[in-house]
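Single-letter residue listing:
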Amino acid sequence: MGREPQLLELARAYQEAREGHAGVVMLSGDSGVGKTRLLAEAALSFEGALVLRGECLEQGEIELPYAPLLGLLRPLVREREPLLEALSAGARASLATLLPSIGDGGAAAPAGANEGTGQLRLFESLFELLHLLSERRPLVVALEDMHWADSSTRTFTAFLARSLGSERILLLLTHRSDELHRRHPLRPLLAELGRLDGCRLLELAPFDRDELTEALADILGSEPQAALIDLLLSRTDGNPLFAEELLAAAPDGRGAPPQSLREAFMLRFERLCADAGQAARAVAVGRSLDEPTLAAVCGLEPQALREALREAVAENILISGDGDEFRFRHALLREAVYEDLLPGERGALHLELAAVLERVGSCQAADDELARIAEIATHYAAAGDQAQALRATVLASQAARRVHAYSEAADLCDRALALWPRVAAADQVAQIDRLDLLESACTAYALAGNLKRSETLAHHALAEIDPQREAVRYGRMLMRRGRTRWRLNRPREAMADGQQALAMLPPQPSAERARLLSWLARTESLRGHYREAITQGELALQMTQQVGLPAVTGEVLNTLGMARIALGDVEAGESMLRDAIRLAREQDDMDDLATAYSNLATMLSVAGRIDDGLAVIQAGQQEVTTRLRRAFGWMQLTLSALAFEAGDWDTARANEGPPAATLEGVGLMFRLLRDAELALGEGHPELVDERLCAVEPLVRASGEAEWHGLFGSLRAESQRRAGELEAAQAAVARALDELELCTDDVTWIARVSAVGMAVEADRALRARDLREAEAEADALTRARIHLERLQAAAAQGGPSERAW
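Residues numbered from 1 in each chain as written. Predicted model: local features only at pLDDT ≥ 70, side-chain atom pairs only at ≥ 80, totals over all residues. Heavy atoms only, no water.

**Student:** Report on the overall build of the protein, specifying residues and quantitative values.
**Tutor:** Within the protein one finds 40 helices and eight strands. Within the protein, buried positions represent 53% of all 804 residues. Side-chain charges in the protein split into 87 positive and 123 negative, and the spacing between the mean points of these groups amounts to 3 Å. (Helix = DSSP H or I, 4+ residues; strand = E, 2+ residues; numbered from the N terminus. Buried < 20%, exposed > 50% of the residue type's maximum accessible area, 1.4 Å probe, protein only. Lys, Arg positive; Asp, Glu negative; His and termini not counted. Charge placed at Lys NZ, Arg CZ, Asp CG, Glu CD.)

Spelled out as structure tokens, the structure:
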């Protein structure tokens, strides 16, 4: 009732999806306004559709990662959906982390695989499954109560919405608008989705007087009295659920109305018999429970329990959901019953539920193991049993990391660390020592993208490790902190950590030493120290092959290939980079694949083969975009840079990549400098100055020659065009000082020196016009110095340096 416009809009969105124009609908409204009811009604009109529905759970002490996604997928597993067998082996291996019963397709995650891309691989696999389902019949994916969504579910929702194109998929999202406070974590996702093409926002307003009158007539079976309509309209503001509950409390409108909606809910609840009330209280604590668990918690015989549940369902308190589990008809009713419990009663129920779940479990299937572990940890925490909460929280963090829910894993590690000092013999209870827990937290935060928190935890861990007794552990943590500091654009501190870690680790081949050597070689290459990069890279390559780390081997080949091309051995370097591409493809590592393609394209351009470089990056972008269903930001920026060099500025402008506001660190530097170079070429000096001012602090902190050379040449050329020749001269001098101090990369030295030549030519012409012989002579002398530097760079370098 009163929802005809929204039903028509949902029908239109479904029809578009059915015709191959995937879409997203965000359905918002206050609690009880009828979002779930509207979706249920709309689903009846989705002709020929497969409707998959998942509910986000109200999170307690501990978030359950992927809760609605597990709800979506369980019916497919239960019904043995044939398309699960049709997935690629890699996709099945990724999905098996979430749904063990589907098997790994014979392609378990490779040893040494890049864990940082594990979540992305899982998302790609989920999308592959949805894509296959939509090819067979139109697919509607409904995720309800997104205001309760965990971090990983929000991340997947953004990935799915960005990935949708010509698939026959309609994504429906519901959320309570009255739950979204100013800093609610769902707000950024809603803003991102709102910018996407094909995304609709539908808001459900409360009933007006006519709509409420129609609803009341349907409930009562006769026309309601005007006084009753006025009373309920004023007390509920037209909220359908509230009106229904208040009407249930006083059906004729003459009885004393309850003083609050909570009281109206409790009036319905208090009509239950003792056994039914006991079962409902258990469900209020457990949210969704099956009969065996209810029987164990309530201590009721099977027949008595069934009678109790039958009464609770008849009174519209509980409903039977998927998998024979019982839950409350509406979350607001569950909240009222839960809040009515006495503290001791509530704690006892939480404790009993935790014990039952550990003893027999309401989730016997392997696919529900993650849910069971998280539920146990939540109940122990809510019951205040700190020792058991610590043990269960550690287990939950490990389970979250196994399914690549890194944000939740990090949060769980933090909770365990907070519990640690309150528990006697904590290491025995948790079956892990505090340093291992700190290391897990540090890694989880880094994988989740919270680099500052990861560095802080690494610092705390290092303070607790004895470097004399535990050299390997100390070196491993130093390496973790060094990698994090490099990503935070603090290269000096990062390199100091790396070198200290190298001194700490035993010289014998090991996975830790191989990874460290690979990373150190990579940083030397990025700094333009190509000979040192080759020396360390060859050691790393030998060690990765000895200890069997194919993913790290690809990283090393990336480094060696770039360094060899930079030093003139183009054929050997190209071969290594193509091997890195092949290895990344075999490992199904999209991040490494995109990196290898970008590096090969860039280095071919440096070697004077710009057309080949453009062809490589375009082929790579096609492959990665086809796999990810979205563009890879770094590849777009690389294509933009190469297209600009080739003179194709339209392509350069069309591939600038993600907005600067969504980037940080090196990615943000690349984007801002690309903007500045394009603006300089197209003649927008104010934009050039804005971008260069924004990027300068990042460049000054960087240890990579590329950014110092590009920034210095752009700043000097911009100032030269503005006639600020002394400032341009100073910019050239500073860039050359930075480059000659930190690199043997002659490419950037040549570029900055060429700009320096132009600056000195302008100075000489100005001095000649003003008849300032001394200034003219100084400019010509400086120009000759730049020319000599250019000639030296050309002698050491290749075609690019000779072109400059």
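Picking up after the structure, the text goes on.
**Student:** How would you sum up the pattern of salt bridges? Please name residues and give values.
**Tutor:** Pairing between side chains of opposite charge can happen when the charged atoms of each approach one another. Applying the stated criterion across every chain yields a total of 62 salt bridges. Here R53 ties to E144 by a salt bridge, and the two come within 2.5 Å at their closest N and O atoms. Within this pair, whereas R53 is found in strand β2 (residues 50-55), its partner E144 is found in strand β3 (residues 139-144), the two being separated by 91 residues in sequence. You can call E144 buried: its relative accessible area is 2%. With a closest N to O distance of 2.9 Å, E717 and R720 form a salt bridge. One end of the pair is E717 and the other is R720, both in helix α36 (residues 705-721) and three residues apart, which spans about a single turn. A network of salt bridges, in which partner residues are shared, links R653, E656, R671, D675, E682, E690 and R691. (Salt bridge = Lys/Arg side-chain N within 4 Å of Asp/Glu carboxyl O.)

**Student:** Hey, could you go over helix α9 (residues 209-220) for me, with residue numbers and the actual values?
**Tutor:** In this model, α9 (twelve residues) spans 16 Å end to end at C-alpha, consistent with the 16 Å of a helix rising 1.5 Å per residue. Within α9, burial applies to L212, T213, A215, L216 and A217. Where α9 terminates, the next one or two residues include G221, which has phi positive at roughly 80°. (Expected span 1.5 Å × (residues − 1).)

**Student:** Could you give an account of the sheet that holds strand β5 (residues 199-204), naming the residues involved and the relevant values?
**Tutor:** Taken together, the five strands give an open sheet; going across it, the order is β2-β3-β4-β1-β5, and neighbouring strands pair in parallel fashion. A strand with exactly one partner marks an edge of an open sheet, and here the two such strands are β2 and β5. If you compare each strand with its neighbour and ignore which way they point, the axes differ by 15° on average. Against the sheet, helix α7 (residues 151-163) contacts β1 (23-29), β3 and β4 (169-176), and its axis sits at roughly 145° relative to β4. (Pairing = 2+ DSSP bridges. Axes fitted to C-alpha atoms, helices over the stretch in contact; angles between N-to-C directions. Contact = heavy atoms within 4.5 Å.)

**Student:** Explain the packing of helix α14 (residues 291-298) against helix α17 (residues 343-359) to me, using residue names and the numbers behind them.
**Tutor:** At their nearest, the axes of α14 and α17 sit 10 Å apart, and the two run at 130° to each other. It follows from the interaxial angle that α14 and α17 lie oblique. When the axes of α14 and α17 are compared, the crossing they make is right-handed. Along its contact with α14, which presents T293, A296 and V297, the element α17 presents L349, E352, L353 and V356. (Parallel < 35°, antiparallel > 145°, perpendicular 65-115°, else oblique. Left-handed = near helix turned anticlockwise from the far one by under 90°.)

**Student:** Give a detailed account of the confidence of the model for the protein, specifying residues and quantitative values.
**Tutor:** When pLDDT is averaged along the protein, the result is 88, and 94% of the positions lie at 70 or above. Below a pLDDT of 50 lies the segment residues 105-112, which in the model reaches twelve contacts outside its immediate sequence neighbourhood of four places, other chains included. (pLDDT = per-residue confidence, 0-100.)

**Student:** Which residues make up the sheet that holds strand β6 (residues 289-290), and what are the values?
**Tutor:** Strand order across the open sheet formed by three strands is β6-β8-β7, with antiparallel pairing between neighbours. Looking at the sheet topology across the chains shown, the edges are occupied by β6 and β7 (318-320).

**Student:** Before we move on, could you go through the packing of helix α13 (residues 274-286) against α14 and cite the residues and values that matter?
**Tutor:** In the contact formed by α13 and α14, the axes pass within 10 Å of each other and the chain directions differ by 110°. With respect to each other, α13 and α14 are oriented roughly perpendicular. For the pair α13 and α14, the sense of crossing is right-handed. Contacts between α13 and α14 involve Q278, A279, A282 and V283 from the former and L294, V297 and C298 from the latter. Per-class residue counts for the contact of α13 with α14 are six nonpolar, one polar and no charged. (Nonpolar A, V, L, I, M, F, W, Y, C, P; charged D, E, K, R; others polar.)

**Student:** Before we move on, could you go through the environment of S101 and cite the residues and values that matter?
**Tutor:** Along the chain, S101 falls in the loop between α5 (89-95) and α6 (118-136). What makes S101 partly exposed here is its relative accessible area of 47%. In the structure, S101 is positioned 24 residues away from V77 in sequence and 7.8 Å away in space, judged by C-alpha atoms.

**Student:** I'd like a rundown of helix α29 (residues 570-587), residues and numbers included.
**Tutor:** Taking 1.5 Å per residue as the helical rise, α29 with its 18 residues ought to reach 26 Å, and the 26 Å between its terminal C-alpha atoms agrees with that figure. Three or more residues of α29 are buried, namely V570, G573, E574, M576, L577, A580, I581, L583, A584 and Q587. Buried residues belonging to α29 abut α28 (550-566) and α30 (590-606). Phi turns positive one or two residues past the end of α29, at D588, with a value near 60°.

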